[in-house]
Each structure stands twice: as structure tokens, then as C-alpha cells.
Amino acid sequence: MSLTVWNIESIKDVAEMLGIGNLADEPAAAIAMDLEYRIHQVVQEATKFMVHSKRTVLTSADISSALRTLNVEPLYGFNNSRPLEFHEAAVGAGQNSLYYLDDEEVDFEKIINAPLPKVPRNISYSAHWLAIEGVQPAIPQNPTPSDHTVGEWASKGTSGVMPGASTAAKEARNGVTSMDNVEIKPLVRHVLSKELQLYFERITSALLDETNVELRDAALSSLRDDPGLHQLLPYFIMFLSDSVTRNLGNLVVLTTLMHMAWALLDNPNLFVEPYVQQLMPSILTCLVAKRLGSDPNNHEHYALRDLAAFLLGIVCDRFGNVYYTLKPRVTRTALKAFLDNTKPYSTHYGAIKGLKTMGKEAIRVLVVPNIKVYEVLVRKTLEKGNEEEIYEANKCMDALYDALLLLRDDQLPNQRTLPPNASGLLEKNVGSLMAEKIMKENDTSLLLGLLE
Amino acid sequence: MSATNGPQPQDLNRIVLDYLAKKGYSRTEAMLRLEASGSGVSVEEKLKSIEETPDAYTHTYTILRDWVDSSLELYKAELHRILFPIFVHSYLNLLSQDHYEAAKQFYELFKDDHTDLHDFDVKNLKSLSLPSHVAEDRTAQQYRQNKYQLHFSRITFDLLLHFLFENVSNGGSIIIKLINQHIDIHIVPGRPTVLENAKVINEQEGITGQSFERGDAQLQPVKLQQMPMDKEMEKIVEMDLEEEDMMHQNDPNNQSPKLLKEFRKLHEPNAEDAPSRDYIPLPPHKGVDILSEVEAVKDWSKRLHLGPRASLPSVCMYTFHHTNNNMNCAEFSPDSTMIACGFQESYIRLWSIKADKKSLPKSTSVEDSDGSVRLLSHSGPVYGTTFSPDNKYLLSCSEDASARLWSVDTKTALVAYKGHTGPVWDVAFGPFGHYFATASHDQTAQLWSCDHIYPLRVFAGHLSDVDCVTFHPNSAYVLTGSSDKTCRLWDVHRGHSVRVFNGHTQPVTAVAIAPDGHTMASADSEGLIHLWDIGTGRRIKTMRGHRGNIYSLSFSRESTVLVSGGSDCTVRAWDVFKTNYNNPVSSSLTGSVVTPFSAKTSTFNEVNWSTSPDQMVALYTKQTPIFNVSFTRRNLCLAISVS
């Protein structure tokens, strides 16, 4: 009779419990067979209730409903809200272990005096577009393509009946709500390993430490080359934009941070594309901010602006095709800064540098026609300003000249000659100050390029 | 035919010969006479002696299986089909003769042959162990009381007969007896059918509980066209639409076609295929009916065009949070302004999904802080809800064996309809209101009208729970899906079944009829969707892709796109007209073109799970099972999922 799930011994045990001693083998076997059938019948019936409740986990309420439809008194006292927990007890060597439900004793006083449990959260709904014309928009409510391919593999493992994760989560939440301290977990949880967290802390503290140059360089080179940092990338980007806004007065830190951005962009193992939007403000801040560094007479901030402009070039080159609005937006920001004469020269300098990275066309169309207007501002400063201002204005003129160099016509340096009234034409185009500067250099190819 | 006292071989031969003569199979008849004369004498004794031993069934089944396996490829597919009923009845015979151990051994030995196609029943039969169980168990009784239908080509049947008579002394007699008692073999003309897919059973095969009327049922004419509109009402609607057209005539921006024209196109009179108006009596039309008809025509003219050549559907998902697994069902109102959800705790909750939350009028019933309303009256879990077409009433059904009518305006219970004897699984309002249908655990579906507290029709015929129900768009038919793995179409007027759709291998969990009235879809708990032609009762195709229970199906307005959703947390859209090539290799290949994700699935190398090529798109949620999908009148797809 080994074919039944229920062996005769357990039947006899139950019989003894009910006060029937010496149950013969034959009736016990018959009862065992019938028992198995009845259990199957109840489960089959209960499954229907489960399916119609659109669940994939059988609950004790389903069993109760099944018993009711089979005209059997349901079993009372099995709480539906908490998953049942079976405990195992070893009966003795060589025997099957015994499973039992933990029935803890509860003090009556305690229950009466206990504070009322918290009210579970009210049922609510939220609406979102699952698909628009068959395409799933990339919004937080929709899973990313990688999520469900993982899900499909997982569900294959459980013989394709259902994705196990959802029920597990549902069950977990179900259990939680019935307990006292209701804890609502965020929908998306990012798990970082202990090691990565430690690494993140070390790197960030090394970068912000102005005293230890070696450690800083080591941190930067680690960011530049190490694989496996992808999980940390969003955190690094956050850290970057956070630190930039907090350390506007500290040139050393700002420069380090720009180097950090460079390292992240350089790392071949990192996929920075999704974070470009968050990265841009930091770079632009270092490019066109009014004041960088605490000392206004310190001219080192020009180097930082140059670095920022260089990074801007990298970003626009690499991601300009993907974010097709990126370049126009950056250009617009820089041009606005350049044409705003209420802004200090430091901002203008950054803006000119930024425009330069946008290429020849930007200079030709946006900068050249404005040089003449800009000259008015510069002239005013040269006449009335103090030494510091004159230095800054000259710096801007140098930057402008530098930008104009892009327009050099390298193609036909010898076959074409300058028109006779070159300087006059030039003055008309870019104003006398700049014309003077260009004529001094006597760069024929630049002249040709400008006069074209 | 009694189970204990089968016919003697002589009787059998006579029956077979009569049959052959009737059908005009003269050559077979001659062959049979020849063979019967050779081996008619000693059989009786041998038969007795063999049947005494419980091992005989194992022996004969093995012989039969080996012979089928070694038969020609051409006939193998058909011959294979006979193994399952022989298996079941051998097992049941052993059990009822109280050979418990032999039965279990037999079951364990051969159950793997049938898990592919008949998993559900094979598992259900496993727990039987005593003769009394056989007499009591539903599944066993299904097989005992109904004949198993098989369709064989003539050659295949001849081959089988030949084999059985050759081995008559070697156990063939047992099989002949089983065939005679429990199997109904129909001879179909033509070549043997090569079953394209191992996972799908033949439509005509299995137990349909209709062994006698069956042939007739499939031939009974059905009128699938729209019910013609009341003449008077039609006139008023046309007048209103004409007025509407006149108003927009001078508007240069108005590119949409004339409403009146659209209306005429929609309601083209089609006398021969439409049920007449007095076939299904309906209450006289009211002013609101005309307004809603005008609205419907406007919506139709403004609908999104969906399909393989137009655009893919847009899906708006409503996700419910903090339900604690207690939500059982959810349904949109036809005007898409409300959601009604049924809960395990016996109440129904009504949400307004309009932009302004105030649209649910204040009332005395229990109101929550978020503006939703609780409807209390049921005394068991609520399993189904449905709105009336005019959005004014709500019906619900529950485990307490009743259906209840609610007024959406006053939020109060109006009527309790008590007619079922078991939990009511599903309820559906008719397309014109007034009538509704319920599906119940007591194996019946019932038709009601709102003004009677007793059912007008009881649709009995399903062999297990009726799990889902829906109305035909012309209100003259009701479609039910059942745990007995079939769907049935019932004539509302006559009250009996006019079509049986047989072919699922798992309980049917959802059904839907296309708005054009000619196509229907049914889904089972394993994730397969079958598409059927109602007129012929034939299966059009099978759509594969879901992995688990499908809870809801919905056709687009033009009946070109089918959308499904279920426990595998995906919403899938299917092209109704694209044919599936049944070669699994090619299907997985072309499938990967249609959707980027099936490329992954096809690598599983599992024929049964490869996505069929007619899947247009699979949309994934964040692990929230989909309870409901439904198209609005403008072809926007709304869906409900539960987190």
C-alpha cells in the first residue's frame, strides 16, 4: 500500500487520538485511500476559487470556500491574512520528520490591552500609458526591456506557470500589512553591494581632499580605467552635480570634479549616455559661472573654464547624434551669456570658449556678426575700467581671436591674394579693435577665411 | 449502454456490419465477414479468461500502443488518438473492479503518454482509488456517461479493425469492448488528417456531451448579423444625425465622413442572416436610447483605425495598489467613466475615473475619502461585475449563489436574483440591456431579464463549472466557457445549445465575441487562445504567447485586433486575420520579426511556448497581473492590473 501518500500509521495515529484503539489494517488502508481522494477533491475545488479570484496562490479562504461547496463544515481558526508557517520536528532516527503548525499561546490580557493595529492603506489606483500605438513609453511605471526578459527566463524556471516574483512580493506585502509596523517600501530598489558602497565612499572622499594629490590622482585613474563601476554611475553623477553647486568657491575641488567628469566620460566600460542630461549643468556651471573661486584676482579660473569647454566638446561630439537637441541648447545658452552685457567678462570668456567648441559654423553665423557690437563694451572698459577689468577684457578679446582662428581657410593659402582694401573690409566685418589685432598677426589664411 | 454487461462479439460484429452496410462500405464489410467467420468460435472463452486477470489491461494497452507506434506515419496521428480513451477506461475498469494496485501501476506506467494533451484530466483521475470514487467523481463520470468522440478516416478505421480482430484472442477483445461501450468513432471521408500540432486536440474529438445531437448542433443555422433597429427609432436617429451633419457642413475643418452615411453603413439591412426583432422581445425605446445611438455613431466615426496596416493599439493601464490580494474582478463602464471592482470581502467598490472626482453623485452609501463608493449587500466574495449599456445599472455575482442589480445613480441594491445553487462565477449584461446571463459552479448558465426574479432560461449541457459568459452582439445568443474545456453557444430564444467549440486542453477562462458577430475567441488557463468561426463552428487558428491564466479578452471595434491580458503580467495584441503557419520552426522565426522580445523566447527551443507569428506586440507590466482589458468605442484599449 505504499502508493498512497497517507500511510496506514498516520491513519491509526489519528484513530487513536479519536479514541479508537486497534484499528485493523484493512479499514485503515481503505480510509487512507479515501482520504487521498477527498483531499484531492477539496484542492481541485479550491483551485477553482483561486482561479476566479485571479490569484496564483492558494489561500486557506479558498479551502474554506471549497469545503462549503462540498457541503462540509469549513475549518475555523486559520487566519487568512498571515501565511501559514510549518515547523519541522524530528521524531526519531530513521523516521519521517513531523510537520506542525506553530500555535503560540497568547495572553488574553495582552490582546485586550494591545493598541489597535494600524489601518491598512486605502486601495487606490494610478493610470499610465502602457503603450502608445504599440510602443511602450519609457516611463517609471513601465518596466525596461531588460526587466521582462529576465522575468521570462525566471518564469521558465518555474515551469512557465507564472512569474514567481510577483506573488512572492504580493505575499510579502500581504503579510506585512497585517502586522503592526506598516512599512511601505519604494517600488524600485537598487541593491548595492557593501564593497561598492565602500569604494564609492573612498573615491568621493579622495576627490574632495585637497591636500593629498597622489590619492586624488589614483582615484581619478581608477575612475578612468576600472570596469564594473556601472552600478555606481548614477551615484557618481549625483555626487558630481551636488559637489559642484556646493564648492563654487573652491577652484581646486572644481577642477578635480571636472577631471572626474572627464574620467567618467573616458572610461570605456561605462555607459554615460542616459546621464548626459544630469551631467551638462555641472559642466556649464564651470564654464559660464560669474565667479569661480574665492579670490577675484586669481586668474586660475580661466584654466578651469578651458577644461570645461574641452569637456563640453567631448560630450557634444559623442552624444550630439543621440540627443539631437543637445548642441542647439548648449549653443543657445552660450550665445545668451555672450550677448548679455550685464554679465561679467568671466562669463563672456566661458561663453566664447563654449561657442568655439560648437565648431566653425557656430562661430561664422553667431559670433562674427556680433563682434562689432561687443567691441563697444570692450572699448568702454579699456577707456574707463580699472586694471583688473582691462585684463579681463583683453582675455576675452584673445578668446575671440582664438575662436576666429577656426575660420582659417587652409585650403588655398597661396593661390588667392588679398583684396587691396582688406583692412577696410575687415573693419567693416569685425570692428576696428579686432581688425587691428588680426592685421598685426598678418595671418593670410585667417584673413581670407574672414573676408569670404 | 450498460457498463457491466457489454455485447457479445457476435452482437458486436452485427453492429459493425450494420453500420458498414448503412454507410455503404461494401469492401470493408466483405473483409469483416471474412475475418469474423475465421475467428468467431473460441473467442468467448478466451475473453472471459483474459478479463479475469488485472494484468490484461496492461498487456492489451501495451500491444495496442506498440502497434500504433509502429504504424505508418500517415495513420499514426489518427491512431494515436484512440490510446487516451482506452487508457482512461482501462484505468477506471481496474478501479471499479477493485484492483487498486494494478490500477495504480497501470496509471504510473502509461500516464506519460497523455500528459501532453490531457494533462488536466489525467491529473484529476490520479486520486481515485476505490470503486465508490469512480461512481462519484465528476471527471470519471464524464468519461463513463458520455461517449468519447473520435474521427477516423476510412483506411485508418479499417486498419484498426483488422488489427483488433487479428489479436482478438490476445486481448483485442478487451479493446473492442471498450470501444463499443465508451467510444464513438465517426468515419470521415478523405485522407487521414495529419494533425499539425501536437499540443492541440482535434475539434471533433473528446467528450462533448452531445453524442446524439452533436451532428445536428453543428448544422443548426445561426443568425449572426446585427439585430435590425426598431423602424421608428431608426427614423429618429437618422433625423438627428442629418441635423448633426448639417451643422458641421459649413465647417471647413470637418474632414470626417458624414455621420448619416456611417450609420447607414453600420445598419445595412441583412434580412436573411439577422434575427428578427420579435425573436428577442425588448422594451420599447426611450429618448436616451436615441441619444446614446447618436453618440455611438459619432464615436464610431472618430475611432482610431487599428490593424496590421493601420496602427497598433494604445493601452491605458489603471493599476490598483494596496489591494492585499483581495480584489477578484474589475470592469469598466461602457462610457469609460467608472470602474467597478469586486472584492473577496463581499463588497463592490465603484470608482469614477473621470478627471473631476465629483462625478459620482453623493449618496447615503458608504463613501471613502477618495470618492469611491462601497456597495454592500453580498454575503460572499464577488466574482464578477458588469455595467448596463446605458451606464445606469450594475450587476454583480458572488459566491453566495446570487446576482444583484445595483443602481449607479443611487448606489443602492435593487434586486437579488437567486436561481443558482452554487457560486456564480460570471455575469454579463446583454448588448441592449434588459437581459443578462450568469455562469455558475452548478454547471449551468442562466438567462435573466432585469424585471424577473427567476431565470427565463437555464442553459444546461456543460459537464463542469461554467466559468465565463458573454453575449453575442445581437443579443440572440449567449456564449459560455467551461472547465469541461469546451465553449458553447446558446440560443436565447430556444434555450438550447447551437454550437459546441471543442479543442482546448485546459479549462476555458475567458471568451469574447467580435463586434462583427462572426468570430469568437476563447482562452484557457495555460495561455492558449483559440479563434473560432461561429457560423461553421470550426477553429480558425490558435494563438500562442501567454504563459499562464488569461483573464480577459477584447476585440477592437472593427474586429481586426484581439487584445488579451492575464496572470503572466503581459497585455498582448493579436492580428485576427493573419494566419499562423503551423510549422513551429517557421513560426518562431517569423515571430521574432513581429516582436523584438520573442527572439528571446524562441531560443528556448520549446515548440509549445514559441510565440505565434500573429502576435502584434507584447506589452509588459511591472509584474502586475492584468485583470481586465477592454476597448472603448473609439478603439482605445483600457486595462486594469493589480499590484
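Residues numbered from 1 in each chain as written. Chains lettered and ligands numbered in written order. Predicted model: local features only at pLDDT ≥ 70, side-chain atom pairs only at ≥ 80, totals over all residues. Heavy atoms only, no water.

1. Focus: the overall build of chain B
Step number 1: Along the backbone of chain B there are 18 helices and 29 strands.
Step number 2: By the burial criterion, 60% of the 643 residues in chain B qualify as buried.
Step number 3: The contacts in chain B between residues at least 6 apart in sequence include a share of 59% that link residues at least 24 apart.
Step number 4: Of the roughly 26000 Å² that chain B leaves accessible, carbon and sulfur atoms contribute 53%. (Helix = DSSP H or I, 4+ residues; strand = E, 2+ residues; numbered from the N terminus. Buried < 20%, exposed > 50% of the residue type's maximum accessible area, 1.4 Å probe, protein only. Contact = heavy atoms within 4.5 Å. Areas by Shrake-Rupley, 256 points an atom, 1.4 Å probe, with all protein chains shown as cover.)

2. Here we look at the UniProt feature "repeat: WD" in chain B
Step number 1: UniProt's entry tags residues 322–361, 377–416, 419–458, 461–500, 503–542 and 545–584 of chain B with the feature "repeat: WD", counted in the numbering of this structure.
Step number 2: Regarding residues 419–458 of chain B, the helix share stands at 0% and the strand share at 50%, and the terminal C-alpha atoms are separated by 9 Å. (UniProt positions renumbered as here; feature names shortened; annotations may be inferred.)

3. A word on the sheet that holds strand E9 (residues 393–398) of chain B
Residue and element names in this part refer to chain B.
Step number 1: Reading across from one edge, E8-E9-E10-E11 is the order of the four strands in this open sheet, with antiparallel pairing throughout. Edge positions in the sheet fall to strand E8 (382–387) and strand E11 (412–418), since each of these pairs with one other strand and no more. On average, each strand axis in the sheet is inclined to that of its neighbour by 20°, with strand direction left out of account.
Step number 2: In this sheet, strand E10 (residues 402–407) lies alongside E9 in antiparallel orientation, the contact comprising five bridges. Paired with leucine 394 across the two strands is tryptophan 406, which belongs to E10. (Pairing = 2+ DSSP bridges. Axes fitted to C-alpha atoms, helices over the stretch in contact; angles between N-to-C directions.)

4. Observations regarding the nonpolar core
Step number 1: Of all hydrophobic cores here, the largest spans 90 residues; its most connected members are A:Met260, A:Leu404 and A:Ile438.
Step number 2: Setting aside residues no more than four positions away along its own chain, A:Met260 makes contact with A:Leu207, A:Leu220, A:Leu223, A:Phe236, A:Phe239 and A:Leu240.
Step number 3: Judged by nonpolar contacts, the second largest core, of 57 residues, contains B:Phe84, B:Val122, B:Leu128 and B:Ile179. (Core = buried A, V, L, I, M, F, W, Y, C linked by side-chain atoms within 4.5 Å.)

5. Side note on the packing of aromatic side chains
Ring pairs (aromatic) are described by centroid distance and by the angle formed between their planes.
Step number 1: Throughout the structure, instances matching the rule amount to 34 aromatic pairs over all chains.
Step number 2: Pairing B:Tyr551 with B:Phe627 gives two aromatic rings, centres 6.0 Å apart and planes at 75°, and the pair type is edge-to-face. Residue B:Tyr551 is located in strand E24 (residues 550–555), and its partner B:Phe627 is located in strand E28 (residues 626–631); the two are separated by 76 residues in the primary sequence. Exposure class is identical for B:Tyr551 and B:Phe627. Each is buried.
Step number 3: Each member of the aromatic cluster is reached from another via a ring pair, and the members are B:Tyr61, B:Phe87, B:Tyr91, B:Phe106, B:Tyr107 and B:Phe110.
Step number 4: A:Arg224 extends its terminal NZ or CZ atom over the ring of A:Trp262, reaching a point 5.2 Å from the ring centre. (Phe/Tyr/Trp six-rings, centres within 6.5 Å; stacked < 30°, edge-to-face > 60°. Lys NZ or Arg CZ within 6 Å of the ring centre and 35° of its normal.)

6. Focus on the sheet that holds strand E19 (residues 497–502) of chain B
Residue and element names in this part refer to chain B.
Step number 1: The four strands are arranged E16-E17-E18-E19 in an open sheet whose pairing can be described as antiparallel. Single-partner strands in this sheet number two, and they are strand E16 (466–471) and E19. Adjacent strand axes in the sheet meet at a mean angle of 20°, parallel and antiparallel pairs treated alike.
Step number 2: In the sheet, strand E17 (residues 477–482) pairs with strand E18 (residues 486–491) via five bridges, with the strands oriented antiparallel.

7. Looking at the pairing of strand E1 (residues 148–153) of chain B
Remember that side chains alternate between the two faces of the sheet whenever the strand is regular.
Residues and elements named next belong to chain B.
Step number 1: Counting buried residues along E1, six of its six residues qualify, which places the element largely inside the surrounding structure.
Step number 2: Because side chains alternate across E1, one face comprises the buried residues Tyr148, Leu150 and Phe152, and the other comprises Gln149, His151 and Ser153, equally buried.
Step number 3: As paired strands, E1 and strand E2 (residues 183–188) are joined by six bridges and run parallel to one another. Bridging from a neighbouring strand, leucine 150 pairs with isoleucine 185 of E2.

8. Thoughts on the packing of helix H13 (residues 326–339) of chain A against helix H15 (residues 360–384) of chain A
Residues and elements named next belong to chain A.
Step number 1: Two elements in contact, H13 and H15, have axes whose closest approach is 11 Å; the angle formed by their N-to-C orientations is 15°. Looking at the two axes, H13 sits roughly parallel to H15. As H13 runs across H15, the sense of the crossing is right-handed. Facing Thr331, Leu335, Phe338 and Leu339 of H13, the residues of H15 in contact are Leu366, Val367, Asn370 and Tyr374.
Step number 2: Looking at the contact of H13 with H15 residue by residue, the class counts come to six nonpolar, two polar and no charged. (Parallel < 35°, antiparallel > 145°, perpendicular 65-115°, else oblique. Left-handed = near helix turned anticlockwise from the far one by under 90°. Nonpolar A, V, L, I, M, F, W, Y, C, P; charged D, E, K, R; others polar.)

9. As for the pattern of salt bridges
Side chains bearing opposite charge may pair, as long as their charged atoms lie close to each other.
Step number 1: Scanning the model with the defined rule gives 28 salt bridges over all chains in all.
Step number 2: Note that A:Arg379 and A:Glu375 form a salt bridge whose closest N and O atoms lie 3.0 Å from each other. Residue A:Arg379 and its partner A:Glu375 are both found in helix H15; the two are separated by four residues, about one turn of the helix.
Step number 3: Note that B:Lys541 is salt-bridged to B:Asp614, the shortest N-O span being 2.8 Å. Within this pair, whereas B:Lys541 is found in strand E23 (residues 538–543), its partner B:Asp614 is found in the loop between helix H18 (598–602) and strand E27 (615–620), the two being separated by 73 residues in sequence. (Salt bridge = Lys/Arg side-chain N within 4 Å of Asp/Glu carboxyl O.)

10. A word on the environment of B:Val469
All names here are of chain B.
Step number 1: Relative to the elements of secondary structure, valine 469 occurs in strand E16.
Step number 2: Here the alpha-carbon distance between valine 469 and arginine 488, two residues 19 residues apart in the chain, equals 9.6 Å.
Step number 3: Contacts of valine 469, omitting those with residues within four sequence positions, involve Asp426, Val427, Ala428, Ala437, Thr438, Ala439, Val478, Leu479, Thr480 and Val511.

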